[in-house]
Amino acid sequence: MLRPRETQELRLLSHTLSITPKAAITWAHDVSGNAIATALFDAPTDHLTIESRVVIDLTAPAWPVFTISASAIEYPFLYSSDEWTDLGALTAPQYADPDGRLSQWVEGFVMARPTDTLSLLKDISNGVFAQISYESRETEGTQSPVVTIDRRSGSCRDFAVLLAEAARMLGLGSRIVSGYLSDPDEGLIGSAGSGSTHAWVEIYLPGAGWIAFDPTNRSVGSQNLIPVAVGREIHQVVPVSGSFSGERDALTYLGVGVVDRPVVQSNL
């Protein structure tokens, strides 16, 4: 999953996917509308290189204004029956909270009922930023929200999972997003240059639709974000996944690493 998702604020001008060794590539869309490229190889190899190059037109404003429906301006509110049905599992917590610790942590941000919905979500996102220290972690897997709260540290994917679960604790539809940071000045947290891989959250509010929240950088809106895939859980938006096989004696895992970042040129 390396092809950016086009939106009103992001136009995909070109995208090329190069794979070495040569592979037969087929394209499809999954249940979330993500573009999935499947590569099949017909000859043995001891290496695999995947290069994704994109040119985009990113026009998201720095200070977006969200037109939230009157019915959802204050929390708590009710989604319409159609919205509730379609959001489905995106409103249900995906991690167990037997002791209610995550729920208690979320409730600490709800100063009153009713309260301004967008302000509440900004407070929770800012709370993740303020209370959890960022750490770059290359190891496989993602921390549960409670572990992140206990450790007081995590990667961008841990931040995203915590915020998504917090929103679901409030009954709000949320989804995990993976993609790239558009950061030419290299000033954002988690950035290793424009085109760095990143994870954040989108939360659905009637009228405004899916609003991007990046707790790692304490931002709202898509100014610096290039979405590639969305999903209910973080494992559904892994950029590259697959399997390999070979003769028993020759089947050896040689390792994996990022040789180079995708080249992302943003035409603002």
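Structural notes, computed from the coordinates. (Residues numbered from 1 in each chain as written. Predicted model: local features only at pLDDT ≥ 70, side-chain atom pairs only at ≥ 80, totals over all residues. Heavy atoms only, no water.)

## Focus on the layout of surface pockets
Formally: Cavity means a closed set of points on a 1 Å grid over the protein atoms alone, one where a 1.4 Å probe fits but cannot get out, pocket means an open set with protein on both sides within 12 Å along at least 5 of 7 lines, and lining means a residue has an atom within 4 Å of a point. Grid points are joined across faces, edges and corners, and a volume is the space filled by probe spheres set on the points. A helix here means a DSSP run of H or I that spans at least four residues, while a strand means a run of E at least two residues long, and both kinds are numbered starting from the N terminus.
Looking at the second largest pocket, its volume works out to about 420 Å³. Residue lining of the second largest pocket: 25 residues in total, with Thr-7, Glu-9, Trp-210, Ala-212 and Ser-222 positioned closest to the centre. Taken together, the elements giving at least two residues each to the lining of the second largest pocket come down to β10 (196–205), β11 (209–214) and β13 (225–231).

## Observations regarding the sheet that holds strand β9 (residues 174–181)
Definition in use: In this scheme, strands are said to pair when DSSP sees at least two bridges between them. Whether two residues touch is decided by their heavy atoms; if any such pair falls within 4.5 Å, the residues are in contact. For every element, the axis is a line fit to its C-alpha atoms; helices are fit only across the contacting stretch, and the angle between N-to-C directions ranges from 0 to 180 degrees.
Sheet architecture is open: 5 strands sit in the order β12-β11-β10-β9-β13, paired in antiparallel fashion. Bordering the open sheet on either side are β12 (219–220) and β13, each of which pairs with just one other strand. Looking at chain direction, β9 and β10 are connected through 8 bridges and run antiparallel. Its bridge partner being in β10, Ser-174 is matched across the sheet by Ile-203. Contacting β10, β11 and β12, helix α3 (residues 117–131) crosses the sheet at an angle of about 30° to β11. In the packing of helix α5 (residues 156–169) onto the sheet, contacts are made with β9, β10 and β11, and the angle to β10 comes to roughly 5°.

## Here we look at empty space enclosed by the protein
Quick reminder of the rule: By the convention adopted, Pro, Cys, Tyr, Trp, Phe, Met, Ile, Leu, Val and Ala count as nonpolar, Lys, Arg, Asp and Glu as charged, and the other residues, Gly among them, as polar.
One pass over the full model with this rule turns up 1 cavity of 30 Å³ or more. Of the volumes computed, that of the largest cavity is approximately 50 Å³. Lining the largest cavity are Gln-94, Tyr-95, Val-161, Ala-164, Glu-165, Arg-168, Ile-176, Arg-232, Glu-233 and Ile-234. Of the residues contributing to the lining of the largest cavity, the split by class is 5 nonpolar, 1 polar and 4 charged.

## A look at the pattern of salt bridges
The condition that has to hold: Counted as salt bridges are all cases of a side-chain nitrogen of Lys or Arg within 4 Å of a carboxyl oxygen of Asp or Glu. For every residue, the accessible area (1.4 Å probe, protein chains only) is compared with the maximum for its type, and the residue is labelled buried under 20%, exposed over 50%, or partly exposed between those bounds.
Summed over all chains, the structure comprises 8 salt bridges. Note that Asp-150 and Arg-101 form a salt bridge whose closest N and O atoms lie 2.1 Å from each other. One end of the pair, Asp-150, is in helix α4 (residues 145–151); the other, Arg-101, is in helix α2 (residues 101–107), with 49 residues separating them in the sequence. Judged by its relative accessible area of 37%, Arg-101 is partly exposed. A salt bridge links Arg-175 to Glu-202; its shortest N-O distance comes to 2.8 Å. Note that Arg-175 is positioned in strand β9 and Glu-202 in strand β10, a separation of 27 residues in sequence. Under the relative-accessibility criterion, Arg-175 is labelled buried at 15%.

## What about a nonpolar patch on the surface?
Heads up, the rule is: Patch construction takes residues with relative accessible area above 30% that form no salt bridge. Like charges are linked within 9 Å, and nonpolar side chains (Val, Leu, Ile, Met, Phe, Trp, Tyr) are linked within 5 Å. For every accessible area listed, the method is Shrake-Rupley and the probe measures 1.4 Å; residues are considered covered only by the protein chains on display.
Taken together, the side chains of Phe-41, Leu-48, Ile-50 and Val-240 define a hydrophobic patch exposed on the protein surface, amounting to about 340 Å² of accessible area. On the basis of relative accessibility, which here comes to 38%, the residue Phe-41 falls in the partly exposed class.

## A few points about unusual backbone geometry
With an omega of 5°, the peptide bond between Thr-20 and Pro-21 qualifies as cis. Residue placement: Pro-21 occurs in the loop between β1 (10–20) and β2 (24–29). Note that the residue after Arg-113, namely Pro-114, is joined by a cis bond; omega there is 5°. Positionally, Pro-114 belongs in the loop between α2 and β6 (115–116). Of note in the backbone geometry, Arg-152 takes a positive phi value of approximately 60° without being a glycine.

By themselves, these are just geometric observations and shouldn't be taken as functional.
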